[in-house]
Amino acid sequence: MDRRNDVSGPLLVLAAGVLWGTVGPAQVLAAPDAAPVAVGGARIMSGGLVLALLVLALDRRAFRTLTRRTWAPLAAASAATGTFQAAFFSAVDRTGAAVATAVVFGLAPVSTGLCERLVLRTRLSRRWWAGTGCAVGGVALLMVPGPAVHVDPVGVLLSLAAGTCFGVYTVSAKVLTGRDAGMAAAVSVTLLAGGAALLPWTLAELPALAAPRSAVLVGWLGIAATAAAYMFFVTGLGRVAAATAGTLSLAEPLVAAALAVAVLGERLSAPVAAGSLLLLGGLFVVSVPARPRAARYDGVHVTGAVKVETTTGERN
């Protein structure tokens, strides 16, 4: 099947974005006493454990596919995972969820596209530029801070670091899909390694994390918003370009805004409504498969052939 006509990849990435979009509203509803970094560490550690146990139960040989060829992208993805959690949750703590989310997910598709260009030498299509421009503009409108929101410079820098980590993780996972790695095993390793880096903060907050509301929150974040979401993301990533996946991940702030209105009772302001429409337009542009060009034969050469990326095996 020509992957440019395969809609399952974009749908899987969008499903991951939907699950990730529940993280913020779930935190607000649960109102945990644990520190944000501890919640982030517990989230990826529990998600990694869930995936590792599933792999051991269903296909433990998958861990054998993590050979020396996969060590470099695994290390990069693990470092990006742990750093993202610490940077993002700390940014939210310093400058608020609106500003932190706007910066992180406004930068994420750009950092992903640039990382893919640098690492995989992939050309960024006009469709990606157009869709990303609309989506980033939509996020900027969607997350317009209210008058009570304080923009902290350190918080913004932490958000920029988190957005960069998202791009590094996405491209590292893309490389892994092209090296025949068992992706469930690979994702579980990156989550456990990232969670181990945050373990001191997580262990220090164990009593608060064990409280009923915090435990329910970590359960949802670990199983649905981490284990399931990351698997949807990396599975879809095998069928779309990394840059496209980065843009599609902008479904997260859209879902978060919708839940804030529907569940938390927040009002839908004019900038939020306009940003939602612009963001939806950008997601539509990058998620609809491009029409394949018909091959033409001029008597000597065949033109319009599909090029296969040697590193990832993805059709361009």
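Residues numbered from 1 in each chain as written. Predicted model: local features only at pLDDT ≥ 70, side-chain atom pairs only at ≥ 80, totals over all residues. Heavy atoms only, no water.

Student: I'm lost on empty space enclosed by the protein in this one. Help?
Tutor: Empty space among the atoms can be located by rolling a probe the size of a water molecule over them. According to the stated counting rule, one finds 2 cavities of 30 Å³ or more in the structure shown. Size it by volume and the largest cavity reaches roughly 210 Å³. Lining the largest cavity are 16 residues, with Trp 20, Phe 84, Gln 85, Phe 166 and Tyr 230 positioned closest to its centre. Tallying contributions element by element places helix 4 (residues 68-95) first for the lining of the largest cavity, with 5 residues. Its residues placed into classes, the lining of the largest cavity shows 11 nonpolar, 3 polar and 2 charged. Each pocket or cavity is described by its volume, and for the second largest cavity that value is around 30 Å³. Taken together, Ala 77, Tyr 169, Ala 173, Leu 176, Met 183, Ala 186, Val 187, Thr 190 and Val 234 form the lining of the second largest cavity. It is helix 8 (residues 183-197) that contributes the most residues to the lining of the second largest cavity, 4 residues altogether. Classifying every residue of the lining of the second largest cavity gives 8 nonpolar, 1 polar and no charged. (1 Å grid on protein atoms, 1.4 Å probe; cavity = no way out; pocket = protein on both sides within 12 Å on 5 of 7 lines; lining within 4 Å. Points joined across faces, edges and corners; volume = space filled by probe spheres on them. Helix = DSSP H or I, 4+ residues; strand = E, 2+ residues; numbered from the N terminus. Nonpolar A, V, L, I, M, F, W, Y, C, P; charged D, E, K, R; others polar.)

Student: Honestly, the pattern of salt bridges in this entry has me stumped. Any pointers?
Tutor: Where charged atoms from two side chains of opposite charge approach closely, those side chains can pair. Taken as a whole and judged by the stated rule, the model has 1 salt bridge. A salt bridge links Arg 61 to Asp 59, with the shortest nitrogen-to-oxygen separation between them at 3.7 Å. The partly exposed category is assigned to Asp 59, whose relative accessible area is 34%. (Salt bridge = Lys/Arg side-chain N within 4 Å of Asp/Glu carboxyl O. Buried < 20%, exposed > 50% of the residue type's maximum accessible area, 1.4 Å probe, protein only.)

Student: Looking at this structure, I do not really get the environment of Trp 220. What am I missing?
Tutor: Looking at the secondary structure, you find Trp 220 in helix 11 (residues 212-237). Taking the C-alpha atoms as reference points, Trp 220 and Gly 47, separated by 173 residues in sequence, lie 9.5 Å from one another. Leave out the neighbours within four places in its chain, and Trp 220 touches Leu 19, Thr 22, Ala 26 and Ala 225. (Contact = heavy atoms within 4.5 Å.)

Student: Can you help me understand the side chain of Ser 172 in this one?
Tutor: Position of Ser 172 among the secondary structure elements: in helix 7 (residues 153-177). By relative accessible area, Ser 172 is classed as buried at 8%.

Student: Just to check I follow, could you spell out the packing of helix 3 (residues 36-59) against helix 11 for this structure?
Tutor: A pair of packed helices can be characterised by two numbers: the angle between their axes and the separation between those axes. Contact geometry of helix 3 with helix 11 gives a least axis separation of 8 Å together with a crossing angle of 60°. Of the possible angle classes, the one that applies to helix 3 and helix 11 is oblique. The way helix 3 lies across helix 11 gives a crossing that is right-handed. Contacts between helix 3 and helix 11 involve Val 39, Ala 42, Arg 43, Ile 44, Ser 46, Gly 47, Val 50 and Leu 51 on the former and, on the latter, Leu 217, Val 218, Leu 221, Gly 222, Ile 223, Ala 225, Thr 226, Ala 227, Tyr 230 and Met 231. (Axes fitted to C-alpha atoms, helices over the stretch in contact; angles between N-to-C directions. Parallel < 35°, antiparallel > 145°, perpendicular 65-115°, else oblique. Left-handed = near helix turned anticlockwise from the far one by under 90°.)

Student: Quick question: what am I supposed to make of the state of the cysteines here?
Tutor: Here a disulfide denotes a covalent bond joining the sulfur atom of one cysteine to the sulfur atom of another. Under the criterion given, the structure shown has 0 disulfides. In this structure Cys 115 is not part of a disulfide, and its nearest cysteine sulfur, from Cys 165, lies 9.7 Å away. Here Cys 165 falls in the buried class, since its relative accessible area comes to 11%. (Disulfide = S-S within 2.5 Å.)

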